[in-house]
Amino acid sequence: MDEKEICPKCGAPLGEIIETQSGKKLQKCSTASPWDPKVKPTGCDYIKWFTPEPVTLDEKCPKCGSPLVLQVTRFGKKMKKCSTGGWDKEAKKATGCDYVEWIGGSSVPLDEKCPKCGESLVLFTTSAGKKMKKCSTSGWDKENRVATGCDYIQWLPS
Ligand SMILES: [Zn+2]
Ligand SMILES: [Zn+2]
Ligand SMILES: [Zn+2]
């Protein structure tokens, strides 16, 4: 990518791609002033957000049997949705299959070590809101449908 992209608002070239602390990527117009919360932004206020590419999953939609894709929203939420699902911008309505499954589980790294293997623990919250500490090396082998890594789990009273 040598060619600079042009701002659709003012025609100036777009600036560098910036990554926010939460891992989201955006590109601002090169005429925009550097961000300073104390001053009002000057220059062009065009911002181009990068939506992460959906990842095709090895799972089938329970509604129509098409492959599911994993999509991360701009707000960092994850969802599985049907690959045939779409959004008709002009008609402002959903097209294709409307299957969506939000992935509510989240994990936070902990400052504790696993009593089994000594690796660090993560605090895992399920979509049902239950909390557990589990080993950061644990995983799930989808092809063989077996748990991998260390199996240490400690459920926390809610
Ligand atoms: Zn601009
Ligand atoms: Zn579907
Ligand atoms: Zn462990």
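Look up a bit, the structure's there.
Rules of the game
- Residues numbered from 1 in each chain as written.
- Chains lettered and ligands numbered in written order.
- Predicted model: local features only at pLDDT ≥ 70, side-chain atom pairs only at ≥ 80, totals over all residues.
- Helix = DSSP H or I, 4+ residues; strand = E, 2+ residues; numbered from the N terminus.
- Buried ≥ 20, exposed ≤ 12 C-beta atoms within 10 Å, placed from the backbone.
- Pairing = 2+ DSSP bridges.
- Axes fitted to C-alpha atoms, helices over the stretch in contact; angles between N-to-C directions.

(A) Seen up close, unusual backbone geometry. Despite not being glycine, Lys-92 has its phi angle at roughly 55°, a positive value. Tracing the sequence through the fold places Lys-92 in the loop between β7 (86-88) and β8 (93-95). Its identity as a non-glycine residue notwithstanding, Arg-145 has a phi of 55°, on the positive side. Mapped onto the elements of the fold, Arg-145 is located in the loop between β13 (139-141) and β14 (146-148). Arg-145 gets classed as exposed once you count the C-beta atoms within 10 Å, which come to 7.

(B) Here's a closer look at the sheet that holds strand β11 (residues 120-125). The 4 strands are arranged β10-β11-β12-β15 in an open sheet whose pairing can be described as antiparallel. Where the open sheet ends on each side, the last strands, each with one partner, are β10 (106-113) and β15 (153-155). Sheet twist, expressed as the mean angle between neighbouring strand axes with direction ignored, is 25°. As judged from the 5 bridges shared by β11 and strand β12 (residues 131-135), these two strands associate in the antiparallel manner. Paired with Phe-124 across the strands is Met-132, a residue of β12.

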